[in-house]
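Each chain, written out:
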Amino acid sequence: MELTGAQALIKSLEAQGVDVVFGLPGGAILPVYDPIIDSAIRHILVRHEQGAGHAAEGYAQVTGRAGVAMVTSGPGATNIVTPLADAMMDSIPLVVIAGQVATSSIGTDAFQEVDTTGVTMGVTKHNYLVTDPAEIPTVVAEAFHLATTGRPGPVLIDFPKDVANATVRYEEPGPVDLPGYTPPGEADPAGVEAAADLIAGAKRPVVYAGGGVLKADATRALAAFVAATGIPVVTTLMGRGAFPESDRHFLGMPGMHGSYAAVTALQRADLLLAFGTRFDDRVTGRVSAFAPGAAVVHVDIDRAELGKVRRAEVPLAADCRLAIEAITAAVRRRGTDAYPERLAPWWAALEEWRTRFPLTYDRGEDGRGVGGQPGTVKPQFVLEELRRLTPEDTILVAGVGQHQMWAAQFWRFEHPRTWVNSGGLGTMGFAVPAALGAKVGRPDRMVWAVDGDGCFQMTAQELVTASAEQIPVKIAILNNAYLGMVRQWQHMFYEERYSEVYLSPDLPDYVRWAEAMGGVGFRVTGPEEVAPTIEKANEIDDRPVVVDFRIDSMEQVYPMVPAGASNDDIVVHPSQAHLPR
Amino acid sequence: MSAPTGARRHLVSLLVENRAGVLARIAGLFSRRGFNIFSLAVAPTEDERFSRVSIVVDLESATLDQVLAQLDKLVNVVAINELRPEDAHEAELLLATVAGDTEARAALVDASTRFGGRVLEVGEETLTVQLAGPPAVLDEFEALARTLRIVGLQRTGTIGLPKLGAPR
Ligand SMILES: Cc1ncc(C[n+]2csc(CCOP(=O)(O)OP(=O)(O)O)c2C)c(N)n1
Ligand SMILES: [Mg+2]
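Residues numbered from 1 in each chain as written. Chains lettered and ligands numbered in written order. Predicted model: local features only at pLDDT ≥ 70, side-chain atom pairs only at ≥ 80, totals over all residues. Heavy atoms only, no water.

Draft legend 1. Up close: the overall build of chain B. Each helix and strand counted, chain B has four helices and nine strands in total. Counted from the first residue to the last, chain B has its helices and strands arranged as β-α-β-β-α-β-β-α-β-β-α-β-β. Within chain B, residue pairs in contact and separated by at least 24 positions form 73% of the contacts whose partners lie at least 6 positions apart. Chain B carries 18 positive and 22 negative side-chain charges, and their two centres are separated by 7 Å. (Helix = DSSP H or I, 4+ residues; strand = E, 2+ residues; numbered from the N terminus. Contact = heavy atoms within 4.5 Å. Lys, Arg positive; Asp, Glu negative; His and termini not counted. Charge placed at Lys NZ, Arg CZ, Asp CG, Glu CD.)

Shown next as structure tokens:
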């Protein structure tokens, strides 16, 4: 079959089962935008290429499939570098197609020429510059294979204009042949037995579960392991939803703003079962002081993570689901009758920590969640109400800052793939476009984004996209009139010398901004308005909604482990500071 | 940078696909992750689809494991071997142009003959020699040449292959 390179590209995307592409056209990618008209693929026209990238990430996070974005050369490509870096950090499968100047012009500083493969080399799992139109089907098949298998990640295809315009005989690609790419599968049996031996002898074990559990669809395997052993679980920021949080084995999230019980459980453990997680500095605090008495079983599909930060007694390069299933079977073979008694003292300590140091906040007069300033509410109260008033399987998206941490603390995740946030890169501006992409991926679910006033201003233009495409996302702005997380650090570590962190509660006017972008806007200035407004927002199903929650500007996120400190030096909420540790 | 020695010196041999940008990927990985390359040599192999890259790095063993694991993630890197000195043939090529009086130059010609080198060109005050061999021998020769005035010196970086019967 004779096709243009552009047609071959679209056909190759169709062959991969792509149903949605987020993008924005321009000169170099123009030829590819023509066959899109005739394709069943839905193209969603974003207002900024960063929005396309984050939307594709949101789509990928909730569906488990690769998110696809398409941009033009030069500024189109550089605008999507941040989402690529974000997806690289959080192991999100993306395929990004970027237009490029004609091969004959490459290297001449042609109009809108950027060395896109060079620029994106460090922020992609792999990238391609297509020079031969006959390679298109193979490159696309490889790109999707790389993005979605092993440790998932972003792949970029740089697509020159003359390649798009060339005529080519389209041939179905053969099976993917990548001699240098062999992600691990089953865990090494000897390692599995060694892990089971450690588990059978452990007195203070903890499962430290990360995003890899979700990526490997290992949540059921994890639940079965916990049911068999009675071992407590913490889930990282990226791993939230990997374990149902109403389960009594769940201790919360570890890390800089984790729960006291989760942080302390890791510190006092004698065995860490690190499943699909990478000992990120936001979890470990000072590495030399992290979990000092613990042996480590580390399962990760990325061999390079094993021993990168913390030496593991049992390193297992494997698919997380297969490894957890094998370990569970090995544990069962040894018998688990002795577990309850052996773990009883550990559970007694854990229960004490969790009852003495629950996540808490100052609920204000009569516990109504009134903020310390007139006309404000407590952000944690908003989160509690939002959780109470939305379906259990609601997808929650967050920006980056204090609001993100309150969302992580005060939401309860019961299902995998219901939490979408920027963990590793911490990208302000992530929430609005990611929420849009999540809603496109799961139109059957309610999607709420909890955003900061600062973050919202970075990418809010994608609400125009949401309106135009009738994507009914809901945005809760926790408006503290500050770059709050930075203000918190200046409060704690710079003697309250606030430098360039004040925004404004009413500039911009978020309600009118929402309306100008074709959505609905509400404002909440007191606790009694919280629930009714959430309910009104929940009713709206044809347009985006923005709720401007005026929150207490001076609220801090607790607990907190100061950067570079040991997790033992966790700072708890002031109301708990006097309690014995 | 002085030459790495002892337990910190590692010769890593990579078999890579001959694709555009593969060297940039390798070099980029080293700089991105803060690892140093001491020398690097790259050329096609007997199979035109692949090239072999020999890299000498100056690292502790634990860090080396991390470098190897990260290199292994590069899609175009097909195979990685650390060539231990006892298990490998190592070689390198050196060119040096040296200036000196007649006597000094004569001494250098003498030395290069002793080291198995070759004089490529003799000028009025300078001469250019070529020497191939194990890196340690080249080091020794280079030290000798440094007692004269070196006008230009270029080494290729170490290349290596496993010895017959060595574990591959
Ligand atoms: C793109 C980007 N720029 C800067 C930062 C640094 N930063 C982290 S949190 C934060 C404040 C975010 O403010 P806001 O969205 O209002 O959230 P809040 O902390 O007030 O809840 C900043 C500036 C970042 N993470 N990302
Ligand atoms: Mg703010």
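Draft legend 2. Main features of the overall build of chain A. Helix and strand counts for chain A stand at 23 helices and 20 strands. Rg of the C-alpha trace for chain A: 24 Å, near the compact-globule value of 25 Å for 581 residues, within the 12% margin. Projected onto its principal axes, the C-alpha positions of chain A cover 75 × 60 × 40 Å. Per-residue burial for chain A yields a buried fraction of 61% across its 581 residues. Of all intrachain contacts in chain A linking residues separated by at least 6 positions in sequence, the fraction that spans at least 24 positions is 74%. If you sum the accessible surface of chain A, you get close to 20800 Å²; carbon and sulfur atoms cover 52% of it. Computed over 48 positive and 70 negative side-chain charges, the inter-centroid distance for chain A is 6 Å. (Rg over C-alpha atoms; globule rule 2.2 N^0.38 Å. Buried < 20%, exposed > 50% of the residue type's maximum accessible area, 1.4 Å probe, protein only. Areas by Shrake-Rupley, 256 points an atom, 1.4 Å probe, with all protein chains shown as cover.)

Draft legend 3. Representation of a nonpolar patch on the surface. Residue and element names in this part refer to chain B. A cluster of nonpolar side chains, namely V109, V119 and V122, defines an oily patch on the protein surface of about 210 Å² accessible area. Looking at where V122 falls in the secondary structure, it is placed in strand β6 (residues 118-122). Overall, the relative accessible area of 59% leaves V122 in the exposed class. (Patch = residues over 30% accessible without salt bridge, like charges linked within 9 Å, V, L, I, M, F, W, Y side chains within 5 Å. Salt bridge = Lys/Arg side-chain N within 4 Å of Asp/Glu carboxyl O.)

Draft legend 4. Broad picture of the interface of chain B and chain A. Counting residues at the interface gives 15 residues for chain B, matched by 15 residues for chain A. Taking both partners together, chain B and chain A bury about 1200 Å²; carbon and sulfur atoms supply 55% of that area. The largest per-residue losses of area from chain B upon contact with chain A belong to B:R25, B:K73 and B:V75, which jointly make up 45% of the total buried on that side. Counting every contact that joins chain B to chain A gives two salt bridges. Run the count over chain B and chain A and you get three residue pairs in polar contact (both at pLDDT 80 or more). Going through the elements one at a time, α1 (22-32), α2 (61-73) and β4 (77-83) of chain B are the ones with two or more residues in the side of chain B that touches chain A. Residues belonging to the side of chain B that touches chain A are distributed by class as follows: six nonpolar, four polar and five charged. (Buried area = accessible area lost by both parts, 1.4 Å probe. Polar contact = N/O pair within 3.5 Å; in protein donor to acceptor, adjacent residues only side chain to side chain. Nonpolar A, V, L, I, M, F, W, Y, C, P; charged D, E, K, R; others polar.)

Draft legend 5. Representation of the coordination of the magnesium ion (ligand 2) in the model. All names here are of chain A. Those protein atoms acting as donors to the magnesium ion (ligand 2) are D453 (OD), N480 (OD1) and Y482 (O), and they sit at 2.0 to 2.1 Å. All donors of the magnesium ion (ligand 2) come from a single chain, and their spacing in sequence reads D-x26-N-x1-Y. Of this pair, D453 sits in helix α19 (residues 453-459) while Y482 is found in the loop between β18 (474-479) and α21 (484-493), placing the two residues 29 residues apart along the sequence. The residues D453 and Y482 share a single accessibility class, namely buried. (Donors = N, O, S within 2.8 Å, 3.2 Å for Na, K, Ca; no water.)

Draft legend 6. Molecular detail of the packing of aromatic side chains. Residue and element names in this part refer to chain A. Scanning the model with the defined rule gives 17 aromatic pairs over all chains in all. Ring plane angle 85 degrees and centroid distance 5.1 Å describe the contact between Y208 and F279, whose orientation is recorded as edge-to-face. One end of the pair, Y208, is in strand β9 (residues 205-209); the other, F279, is in the loop between β12 (271-275) and α13 (281-284), and 71 residues separate them in sequence. In this structure, Y208 and F279 share a single accessibility class: buried. Seen from their ring centres, F413 and W419 are 5.1 Å apart, and the 50 degrees between their planes marks the pair as tilted. Comparing F413 with W419 shows no difference in burial state: the two are buried. (Phe/Tyr/Trp six-rings, centres within 6.5 Å; stacked < 30°, edge-to-face > 60°.)

Draft legend 7. Seen up close, the packing of helix α1 (residues 5-15) of chain A against helix α7 (residues 136-148) of chain A. Residues and elements named next belong to chain A. Two numbers describe how α1 lies on α7: the axes approach to 9 Å, and their chain directions differ by 35 degrees. Considering only the axes of α1 and α7, their crossing is right-handed. Residues G5, A8, L9, S12 and L13 of α1 pack against I136, P137, V140 and F144 of α7. Within the contact of α1 with α7, the residues separate by chemical class into seven nonpolar, two polar and no charged. (Axes fitted to C-alpha atoms, helices over the stretch in contact; angles between N-to-C directions. Left-handed = near helix turned anticlockwise from the far one by under 90°.)

Draft legend 8. The site of ligand 1, seen in detail. All names here are of chain A. Around ligand 1 lies a shell of 16 residues, among which Q402, H403, D453, C455 and G484 are the nearest. Here M428 contributes a backbone N or O atom positioned 3.3 Å from a nitrogen atom of ligand 1. In this structure, M485 approaches ligand 1 through a main-chain N or O atom, which is 2.8 Å from an oxygen atom. Out of a free accessible area of 580 Å², ligand 1 has 75% covered by protein chains. Breaking the shell around ligand 1 down by element, the ones donating at least two residues are α17 (402-410), α19 and α21. Of the residues that constitute the shell around ligand 1, the class distribution is seven nonpolar, eight polar and one charged. (Near = heavy atom within 4 Å.)

Draft legend 9. View of the nonpolar core. Residues and elements named next belong to chain A. Counting 67 residues, the largest nonpolar core has I199, V207, F225, L272, L273, F275 and I327 as the members making the most contacts within it. When sequence neighbours within four positions are dropped, the list of residues in contact with L272 reads V206, Y208, L266, F279, F290, A291, A294, A295, V296 and V297. Core analysis: the second largest hydrophobic core is formed by 49 residues, A55, A87, A431 and V473 among them. (Core = buried A, V, L, I, M, F, W, Y, C linked by side-chain atoms within 4.5 Å.)

Draft legend 10. Here's a closer look at the pairing of β9(A). All names here are of chain A. In terms of burial, β9 is a largely internal element, five of the five residues being buried. Burial along β9 is two-sided: P205, V207 and A209 and V206 and Y208, pointing in opposite directions, are all buried. Sheet topology note: the β9/β12 ladder contains five bridges and is parallel. Each residue of the ladder has a partner; that of V207, found in β12, is L273. (Pairing = 2+ DSSP bridges.)

Draft legend 11. Focus on the sheet that holds β4(B). Residues and elements named next belong to chain B. With antiparallel pairing, the four strands of this open sheet are ordered in space as β2-β3-β1-β4. Either end of the sheet is taken by a strand with one partner, and the two such strands are β2 (37-44) and β4. The mean angle between the axes of side-by-side strands here comes to 15 degrees, regardless of whether they run parallel or antiparallel. For strand β1 (residues 9-17) and β4, the ladder comprises six bridges, and the chain directions are antiparallel.

Draft legend 12. Highlighting the packing of helix α3 (residues 49-63) of chain A against helix α18 (residues 431-441) of chain A. Residue and element names in this part refer to chain A. Where α3 meets α18, the axes come as close as 6 Å, and the angle between the chain directions of the two elements is 45 degrees. Accordingly, the angle class assigned to the pair α3 and α18 is oblique. For the pair α3 and α18, the crossing hand works out as right-handed. Counted together, G51, H54, A55, G58, Y59, V62 and T63 of α3 and P433, A434, L436, G437, A438, V440 and G441 of α18 form the full contact between these two elements. (Parallel < 35°, antiparallel > 145°, perpendicular 65-115°, else oblique.)

Draft legend 13. Focus on the domain arrangement of chain A. Residue and element names in this part refer to chain A. We note that the domain assignment places domain 1 (2-169), domain 2 (189-356) and domain 3 (379-557) within chain A. Computed over C-alpha atoms only, the centres of domain 1 and domain 3 are separated by 29 Å. Listed as interface residues are 26 residues of domain 1 and, on the opposing side, 28 residues of domain 3. Between domain 1 and domain 3 the total buried area reaches about 2000 Å² when both faces are included, carbon and sulfur atoms providing 63% of it. Counting the contacts that link domain 1 with domain 3 gives one salt bridge. Between R42 and E469 there is a salt bridge whose closest N-O contact spans 3.2 Å. Of all the secondary-structure elements, those providing two or more residues to the side of domain 1 that touches domain 3 are β2 (20-23), β3 (42-45), α3 and α5 (81-89). The greatest single-element share of the side of domain 1 that touches domain 3, amounting to 11 residues, is contributed by α3. Class assignment for the residues of the side of domain 1 that touches domain 3 results in 11 nonpolar, 10 polar and five charged. (Domains from an automatic or database assignment.)

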